[in-house]
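Structure assessment
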Amino acid sequence: MRRLLAGLTVGTFLFATAACGSSGGSGSSKGASSGGTTTVKVGVIPIVDVAPLYLGQKEGFFGKHGLKLSMTLAQGGAAIVPGVVSGQFQFGFSNMTSLMLAESQNVPVRAIANGVASTGVSGKDFGALVVKKGSGLKSAKELEGKKVAVNTLKNINETAVRASVRKAGGDPDKVKFVELAFDQMPAALDKGQIDAAMAVEPALTTMLDQGAQQIAWPMVDVAKNLTVAMYFTSQAYAAKNPDTVKEFQEATAESLAYADAHPDEVRQIVATYTKVPAGVLAKVILPKWPADPNRSSIEALEQLSVTDGLFKTAPDLDKLLP
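Residues numbered from 1 in each chain as written. Predicted model: local features only at pLDDT ≥ 70, side-chain atom pairs only at ≥ 80, totals over all residues. Heavy atoms only, no water.

All right, on to the packing of helix H3 (residues 51-59) against helix H12 (residues 242-261) then. Taken N-terminus to C-terminus, the directions of H3 and H12 make an angle of 105°; their axes are 8 Å apart at the nearest point. As judged from the angle between their axes, H3 and H12 are roughly perpendicular. Judged by residue contacts, Pro-52, Leu-53, Leu-55, Gly-56 and Glu-59 of H3 engage Thr-252, Ser-255, Leu-256, Tyr-258 and Ala-259 from H12. Class assignment of the residues belonging to the contact of H3 with H12 gives a composition of six nonpolar, three polar and one charged. (Axes fitted to C-alpha atoms, helices over the stretch in contact; angles between N-to-C directions. Helix = DSSP H or I, 4+ residues; strand = E, 2+ residues; numbered from the N terminus. Parallel < 35°, antiparallel > 145°, perpendicular 65-115°, else oblique. Contact = heavy atoms within 4.5 Å. Nonpolar A, V, L, I, M, F, W, Y, C, P; charged D, E, K, R; others polar.)

Right, dumping it as structure tokens:
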């Protein structure tokens, strides 16, 4: 775990440990089985992205595959990776940068199912760089010397913001990045504690309702139709529980397709695991939930991460991706 902690920081590991509780032993999930149903622990983030899992559980897709999901909320993928590797979760949801960082450090993780993708449309994406109304900031270039919030430092959203700053002709090294949970960003922006925030739904719509203005769409600037995150497990768990992994993959695929086809139900289910008002949820821009990851977009993200110095050794995508 030393390599993992070096890349993801001790703080995120301690957060994951606190969020997950004791592992209960996860070499096999059979100990959690009851009446032919296997309970698996899944680390997720309280954002729109993971709505398909909640919908899939509600609609019985996971039950049909003999699974019951026990979901725990964390701040970001960087906190979930250690939880999966240590056995506190059987599965996790993580952005691609955290997964690539882990693989580059020989951390034994394996992506097994697609998670979420950008819409690929500027002005209509589920993630955006926003500033307070009347701030005077009009483009990402003007963020030089400004305080910009991301949910996890040295990760996908920081890389994406850096891409937007470069595209606008600015120097991303002059931006002051600060770490802040998505649900804390609206208040921080409104109070002037930060100058801008890289927000995703539903925090994005909450801020827009407060009068915030969008100045860039970083995930779109990284690559068209960017694969933002995937579901993953540890190599050890996959080796010992191939049938459970297969069932999780199949149930997740059904859940992704259902979410993509039922946007109203997505908005309703998000209200069950976040504190976002129904009026806000009615206006959120939903991401895309394609069946398969977009390999070329992941490669583009990898190259930007190398440019930003996130990897000492480039990750082997053939080992990481399904």
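Among the structural elements, Thr-252 can be located in helix H12. Judged by its relative accessible area of 0%, Thr-252 falls in the buried class. Among the polar contacts listed, one links the side chain of Thr-252 to the backbone oxygen of Phe-248, at a separation of 2.7 Å. The residues contacting Thr-252, other than those within four sequence positions of it, are Leu-53, Phe-62, Ala-113, Asn-114 and Tyr-231. (Buried < 20%, exposed > 50% of the residue type's maximum accessible area, 1.4 Å probe, protein only. Polar contact = N/O pair within 3.5 Å; in protein donor to acceptor, adjacent residues only side chain to side chain.)

By the definition in use, this model includes ten salt bridges. For the salt bridge of Lys-58 with Glu-59, the shortest nitrogen-to-oxygen distance reads 3.5 Å. For Glu-59, a relative accessible area of 32% puts it in the partly exposed group. One salt-bridge network, in which partners are shared between bridges, spans Lys-154, Glu-158, Arg-162 and Asp-173. (Salt bridge = Lys/Arg side-chain N within 4 Å of Asp/Glu carboxyl O.)

Judged from the four bridges that link them, strand S7 (residues 147-150) and strand S8 (residues 176-179) form a sheet pairing that is parallel. Note that in S8 the partner of Lys-147 across the bridge is Lys-176. (Pairing = 2+ DSSP bridges.)

Before going further, it helps to spend a moment on the nonpolar core. In this structure, Met-96, Leu-129, Leu-143, Met-207, Phe-248 and Val-266 are the most contacted members of the largest nonpolar core, which totals 106 residues. No other element matches H12, which puts six residues into this core. The contacts of Phe-248, once residues within four sequence positions are left out, are Val-42, Phe-62, Leu-67, Leu-69, Phe-91, Ile-112 and Tyr-231. (Core = buried A, V, L, I, M, F, W, Y, C linked by side-chain atoms within 4.5 Å.)

Judged by pairing direction, the sheet is mixed, and its five strands sit side by side in the order S8-S7-S9-S6-S10 without closing on themselves. Edge positions in the open sheet fall to S8 and strand S10 (213-216), since each of these has one partner strand only. Strand after strand, the sheet turns through a mean of 35° between neighbouring axes, direction not considered. Where strand S6 (residues 127-131) and S10 come together, three bridges link them in antiparallel fashion. Bridge assignment links Val-130 to a residue of S10, and that residue is Gln-214. This element, helix H7 (residues 156-167), spans S6, S7, S8, strand S9 (196-200) and S10 of the sheet and lies at about 140° to S7.

This next bit is on helix H5 (residues 77-85). In an α-helix there are 3.6 residues to a turn, and that puts residues three or four apart on one side. In terms of burial, H5 is largely enclosed, as eight of its nine residues are buried. Just downstream of H5, Gly-87 is the residue with a positive phi angle, here 95°.

This part takes up the packing of aromatic side chains. What the rule picks out here adds up to seven aromatic pairs. Ring centres 5.5 Å apart and planes at 80° place the aromatic pair Phe-91 and Tyr-237 in the edge-to-face group. Residue Phe-91 is found in strand S4 (residues 91-95), and its partner Tyr-237 is found in helix H11 (residues 235-240); the two are separated by 146 residues along the sequence. A relative accessible area of 0% means that Phe-91 is categorised as buried. Ring centres 6.2 Å apart and planes at 75° place the aromatic pair Tyr-231 and Phe-248 in the edge-to-face group. Note that Tyr-231 is positioned in strand S11 (residues 227-234) and Phe-248 in helix H12, a separation of 17 residues in sequence. By relative accessible area, Tyr-231 is classed as buried at 0%. (Phe/Tyr/Trp six-rings, centres within 6.5 Å; stacked < 30°, edge-to-face > 60°.)

Mapping Ala-128 onto the fold places it in strand S6. Between the C-alpha atoms of Ala-128 and Ala-216, which are 88 residues apart in sequence, the distance is 5.9 Å. Ignoring anything within four residues of it in the chain, the contact list for Ala-128 reads Ala-197, Met-198, Ala-199, Leu-204, Gln-214, Ala-216, Trp-217 and Pro-218.

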